[in-house]
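Read off the chains here:
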Amino acid sequence: MRIGLIGDVHQEDLALAWALGLLSDEQVDLVVCVGDIADGFGDLDTCCELLESHGVITVKGNHDRWFLAQQMRELPQASSAAAANPASREWLAQLPSSVSIETPRGKALVCHGMGDDDMVGVKPYDEGYALDSNLPLQRLLASDEHRIVIAGHTHQPMLRRVGHLTLVNAGTLHREFQPCVGLLDTTTLTERFVPIPRLEPG
Ligand SMILES: [Mn+2]
């Protein structure tokens with residue numbers, strides 16, 4: 001089974017369309033998006049439409065939560081309420097904070113940060129106290145329910161093992177980071193990240 005991984009979108013509609021095209025060419029079994037669709041340079045409505053029309057399994061990020069509540073609007077590239085039409089707003093509002101999907105290697109949890117906490121991430125170099133004090137991670141480690149966690153938030157693509165969990169980070173489409181799209185093979189538990197080129201409209 002192969003899962004397409006869309007990281008934090010941040011309104012990068014051109015990069016999102018490119019990523020969905022690549023995943024379609026690759027004939028992945030399903031595509032997930034780890035949230036943070038709002039707040040960025042591109043077009044929010046187009047991003048919502050693309051994710052919905054492609055049947056992408058999408059969760060809500062902290063930026064989507066803030067956008068819907070019009071909180072934290074002093075952040076760079078924060079979008080005003082006018083950035084989304086009513087249909088987009090409704091679609092964003094009904095997104096779950098996490099989703100479980102069945103894979104041949106056991107259940108995978110798709111979330112934004114870690115578990116139901118959209119503000120906590122695990123970084124590639126976190127060890128020792130950083131992991132021990134990560135309470136949402138510790139709760140997932142204490143439970144037998146999931147084998148794989150697919151998250152975002154850090155904008156750093158990653159695949160690493162912590163205890164019985166394979167932690168995957170989908171990275172981001174945000175142009176100010178290193179935009180990429182991921183492919184996770186749940187049989188071999190390996191991933192491949194494809195860099196997204198700089199895209200211009202038209
Ligand atoms: Mn985030």
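One can find the structure itself at the top, above this paragraph.
Residue numbers restart at each chain and count upward from 1, following the sequence in its written direction. In keeping with the model being predicted, local features are shown solely for residues with a pLDDT of at least 70 and side-chain atom pairs are shown and tallied solely at 80 or more, while totals for entire chains, interfaces and linings include all residues. Just so you know, side-chain values use all the structure's heavy atoms and leave hydrogens and water out.

Looking at the coordination of the manganese ion
Part 1 of the argument: Those protein atoms acting as donors to the manganese ion are Asp-36 (OD), Asn-62 (OD1), His-112 (NE2) and His-153 (ND1), and they sit at 2.1 to 2.4 Å.
Part 2 of the argument: Here the donor residues for the manganese ion map to a single chain with the spacing D-x25-N-x49-H-x40-H. In this pair, Asn-62 sits in helix α3 (residues 62-69) while His-153 sits in the loop between β6 (146-151) and β7 (158-162), placing the two residues 91 residues apart along the sequence. Only nitrogen, oxygen and sulfur atoms qualify as donors, and only when within 2.8 Å of the metal (3.2 Å in the case of Na, K and Ca); with water excluded, sites may look incomplete. Starting at the N terminus, helices and strands are each numbered in turn, a helix being any DSSP run of H or I of at least four residues and a strand any DSSP run of E of at least two.

Concerning the sheet that holds strand β3 (residues 57-58)
Part 1 of the argument: Read across the open sheet, the 5 strands follow the order β3-β2-β1-β9-β10; overall the sheet is mixed. The open sheet has two free edges, formed respectively by β3 and β10 (190-195), since each of these has just one partner strand.
Part 2 of the argument: Here a strand pair is declared whenever DSSP counts at least two bridges between the two strands. As judged from the 4 bridges shared by strand β1 (residues 2-6) and strand β2 (residues 30-33), these two strands associate in the parallel manner. Considered in β2, the bridge of Gly-4 is made with Val-31.

Brief notes about the pattern of salt bridges
Two side chains of opposite charge can pair, provided their charged atoms sit close to one another.
Part 1 of the argument: Salt bridges, as used here, are contacts in which a Lys or Arg side-chain nitrogen is within 4 Å of a carboxyl oxygen on Asp or Glu. Counted according to the given criterion, the structure contains 8 salt bridges.
Part 2 of the argument: Close ionic contact of Glu-145 with Lys-107 constitutes a salt bridge, the shortest N to O distance being 3.3 Å. Highlighted residues: Glu-145 in the loop between α6 (135-142) and β6 and Lys-107 in strand β5 (residues 106-111), separated in sequence by 38 residues.
Part 3 of the argument: Relative accessibility under 20% of the residue-type maximum defines a buried residue, over 50% an exposed one, and the middle range a partly exposed one, all with a 1.4 Å probe and only protein chains included. Relative accessible area serves as the criterion here: at 44%, Glu-145 is assigned to the partly exposed category.
Part 4 of the argument: A salt bridge links Arg-147 to Asp-144, with the nearest nitrogen and oxygen atoms 3.8 Å apart.

Description of the nonpolar core
Part 1 of the argument: Buried Ala, Val, Leu, Ile, Met, Phe, Trp, Tyr and Cys residues form a nonpolar core when they are joined through side-chain atoms within 4.5 Å. The biggest cluster of nonpolar side chains holds 29 residues, and the ones touching the most others in it are Ile-6, Leu-16 and Ile-37.
Part 2 of the argument: Secondary structure elements with two or more residues in this core: α1 (13-25), β2, α2 (44-53), α4 (86-93) and β9 (180-185).
Part 3 of the argument: With 6 residues, α1 is the single largest residue contributor to this core.
Part 4 of the argument: If we ignore the near neighbours within four places in the chain, the residues touching Ile-6 are Leu-16, Ala-19, Leu-20, Leu-23, Val-31, Val-32, Cys-33, Val-34, Ala-170, Leu-173 and Val-181.
Part 5 of the argument: Counting residues in hydrophobic clusters, the runner-up holds 14 residues, among them Val-32, Val-34, Ile-150 and Leu-189. Residues are treated as being in contact if the distance between any of their heavy atoms lies within 4.5 Å.

A look at the pairing of β6
Part 1 of the argument: Of all 6 residues making up β6, 5 are buried, and the element is well covered by its neighbours.
Part 2 of the argument: Pairing of β5 with β6, which is carried by 4 bridges, proceeds in the parallel orientation. Its bridge partner being in β6, Leu-109 is matched across the sheet by Val-149.
Part 3 of the argument: One ladder, built from 4 bridges, connects β6 with strand β8 (residues 165-169); its direction is parallel. Pairing of Ile-148 across the sheet is with Thr-166, part of β8.

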